[in-house]
Amino acid sequence: AEALGLPIYVITGGKDPHRRWTHGKEGIPGIEPQTDGAIQALEAVGFSVVKRTQLPDLGHSPAQGEVIAFFAPYLRGERRRQDAALFPH
C-alpha cells in the first residue's frame, strides 16, 4: 500500500514518430495509446499520484533533463513522497 503513493511521471514527445502507430503500422498502438493504457492500469491498482506531460519538441527519445529536474528536490532531501503537492502546477 505504501508504494501506491509513489509519484509516477510519464513523459512523451510531441514529435515522436510513433505517437499513434508503432513504425506507422496501423493496428499496432503507438506511444500515446500505450501511455493511455499504462495510466489506466496504474490507476486501476491504486496509484493516485500520476502526472503526464507531452513535450512538444521531444521525439522518440529519453527526457533525462526533465526527469532529473523533477527528482532533484527529492534527491536533495527538500521534498518527500508524502508531500501533499508532488506535482506543482
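A short tour of the structure in this document, coming up.

The rules we used
- One numbering rule holds for all chains: residues counted from 1, following each sequence as written.
- Residue-level local features of this predicted model are given only where pLDDT is at least 70; pairs of side-chain atoms are given and counted only at 80 or more, and the full residue set underlies all totals for whole chains, interfaces and linings.
- Heavy atoms throughout the structure, all of them, feed into the side-chain values; hydrogens and water do not.
- The criterion for an aromatic pair is that two Phe, Tyr or Trp rings (for Trp, the six-membered ring) have centres within 6.5 Å, with stacked assigned to planes under 30 degrees apart, edge-to-face to planes over 60 apart and tilted to the rest.
- A 1.4 Å probe rolled over the protein chains alone gives each residue an accessible area, and that area as a share of the maximum for its type sets the label: buried under 20%, exposed over 50%, partly exposed in between.
- Secondary structure counts use DSSP, requiring at least four H or I residues in a row for a helix and at least two E residues in a row for a strand, with both numbered from the N terminus.
- Should any heavy atoms of two residues lie within 4.5 Å, those residues are counted as being in contact.
- None of His or the chain ends enter the tally, which takes Lys and Arg as positive and Asp and Glu as negative.
- Definition used for salt bridges: Asp or Glu carboxyl oxygen within 4 Å of a side-chain nitrogen of Lys or Arg.
- One bridge is not enough; two strands pair if DSSP finds at least two bridges between them.
- Convention used here: a crossover is right-handed provided that the path from the first strand, over the helix, to the second strand proceeds clockwise when the strands point away from the viewer.

### Things to note about the packing of aromatic side chains
- For the structure shown, the criterion picks out 4 aromatic pairs.
- Their ring planes at 85 degrees and their centres at 4.7 Å tell us that Phe70 and Phe71 sit as a pair that is edge-to-face.
- Under the relative-accessibility criterion, Phe71 is labelled partly exposed at 32%.
- Each residue in the set Tyr9, Phe70, Phe71 and Tyr74 is aromatic and connected to the rest through ring pairs, giving one cluster.

### Side note on the side chain of Glu32
- With respect to the secondary-structure elements, Glu32 resides in helix H1 (residues 31–44).
- When sequence neighbours within four positions are dropped, the list of residues in contact with Glu32 reads Thr12, Arg19, Arg52 and Gln54.

### Describing the side chain of Asp16
- Considering the arrangement of structural elements, one finds Asp16 in the loop between strand E1 (8–13) and H1.
- In this structure, Asp16 is buried with no salt-bridge partner, the nearest side chain bearing the opposite charge being Arg19 at 7.2 Å.
- Not counting the four nearest positions on each side in its chain, Asp16 is found in contact with Ile31, Leu58, Gly59 and His60.

### With respect to the environment of Val10
- Tracing the chain through its elements places Val10 in strand E1.
- Along the backbone, Val10 and Ala38 are 28 residues apart, and their C-alpha atoms lie at a distance of 9.4 Å.
- Filtering out sequence-adjacent residues up to four positions away, Val10 remains in contact with Thr35, Ile39, Lys51, Arg52 and Thr53.

### A closer look at the environment of Asp36
- As for its position among the elements, Asp36 is in helix H1.
- Between the alpha carbons of Asp36 and Arg52 there is a distance of 9.6 Å; along the sequence they are 16 residues apart.

### Concerning the pairing of E1
- Direction of pairing for E1 relative to strand E2 (residues 50–55): parallel, over a ladder of 6 bridges. The residue of E2 that forms the bridge with Ile11 is Thr53.
- This β-α-β element, E1 to H1 to E2, shows right-handed connectivity.

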